[in-house]
Amino acid sequence: MSTPETNAPAPGLHRRELLKLTGAGIAAFGAASIIASSNAKAQTMTNEWDKTFPKSAKLDHQKVTFKNRYGITLAADMYLPKNPTAKLAAIVVSGPFGAVKEQSSGLYAQALAERGFATLAFDPSYTGESGGEPRNVASPDINTEDFSAAVDFIGLRPEIDRERIGVIGICGWGGMALSTAAIDKRIKAVVASTMYDMTRVMSKGYNDSVTPQQRTETLEELSRQRWTDAEEGSPAYGPVSLELKGGEPQLSWNMRLITRRSAGSIPGPSTRTRHGLSLRPCRS
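On a predicted model such as this, the values are computed, not experimentally measured, just so you know.

What counts, and at which threshold
- Residues numbered from 1 in each chain as written.
- Predicted model: local features only at pLDDT ≥ 70, side-chain atom pairs only at ≥ 80, totals over all residues.
- Heavy atoms only, no water.
- Salt bridge = Lys/Arg side-chain N within 4 Å of Asp/Glu carboxyl O.
- Helix = DSSP H or I, 4+ residues; strand = E, 2+ residues; numbered from the N terminus.
- Buried < 20%, exposed > 50% of the residue type's maximum accessible area, 1.4 Å probe, protein only.
- Phe/Tyr/Trp six-rings, centres within 6.5 Å; stacked < 30°, edge-to-face > 60°.
- Lys NZ or Arg CZ within 6 Å of the ring centre and 35° of its normal.
- Expected span 1.5 Å × (residues − 1).
- Arc of directions from axis to C-beta.

**Topic: the pattern of salt bridges**
Within the structure shown, the criterion is met by 13 salt bridges. Taking the shortest distance from any N to any O, the salt bridge between K51 and D77 comes out at 3.3 Å. One end of the pair, K51, is in the loop between α3 (30–33) and β1 (59–67); the other, D77, is in strand β2 (residues 73–81), and 26 residues separate them in sequence. The same class applies to K51 and to D77, which are both buried. Where R200 meets D208, a salt bridge forms, and the shortest distance between an N and an O atom there is 2.8 Å.

Here it is in structure tokens:
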């Protein structure tokens, strides 16, 4: 599996400012930025076992692809119990934000399949082995559609009971899962496995440390960056996430420790954000 190329971080925008962005402020810049292209590429899809966890001998595993309604091809791993005697309940899994299906979403999917569910762990649009450009970004509309497209795919399988389909969104993808369940009534159960209230953090910062004036200053800086992006013809990538230098909240260090332990040799293709691109905070 190849490692995607990424642009260098823009020097003018700092991690702390990005962490302090409001969800509404980020969304305000999203529509125009998402149509830009980048130098990053989708990872090459492989049928070999390439996960950060051991393969279960109890299951049948298959690499699959399907398209969402935006025409983007999504890559996924499907896990099925061997020799089922009745139609199976199904669970679709994705996240965390910035992760790929070879990591925790795949581990969730395999563990749940060992308990009798049919499961599907997918790479969201613009991420991992899934298609879409620019690479390594998030869009609330498209990533919500990704979950519904995954439901489409697994629900068309003959061994699946369509009346028993659920979704799980891990960490930053918890909000995507909740948004999908709110509009797609085929989904009968939803779980948002998140560590904290991301909506509040995006609005007020960790421990409510960001003032309205600081939020305004951050948005002003992003607005100036927009001129730079327009002049250069492409939005710049933000700083790499979880590369910490000291002074960050303990939560950031905990997340970094967990992420680095679970990542193994799998490249984290979505560890950068585009300045001004729409990000979806969790609502849990």
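Once the structure has been displayed, the description carries forward.
**Concerning the packing of aromatic side chains**
Throughout the structure, instances matching the rule amount to five aromatic pairs. Residues W49 and F53 carry aromatic rings whose centres are separated by 5.6 Å and whose planes lie at 85 degrees to one another, so their mutual orientation is edge-to-face. These aromatic residues form a ring-pair network of at least three members: W49, F53 and Y79. Over the face of the ring belonging to W49 we find K51, whose NZ or CZ atom lies 4.9 Å from the ring centre.

**Section: helix α8 (residues 212–232)**
With 21 residues, α8 should cover 30 Å at 1.5 Å per step; its first-to-last C-alpha distance of 30 Å lies within 8% of that length. Among all positions in α8, only R215, T218, E221, L222, Q225 and D229 are buried. On an axial view of α8, the arc spanned by its buried residues comes to 120 degrees, and they lie on one face. In α8, the exposed residues that point more than 90 degrees away from the buried face are P212, R224, W227, A230 and E231. Directly beyond the C-terminal end of α8, a positive phi value near 85 degrees is found at G233.

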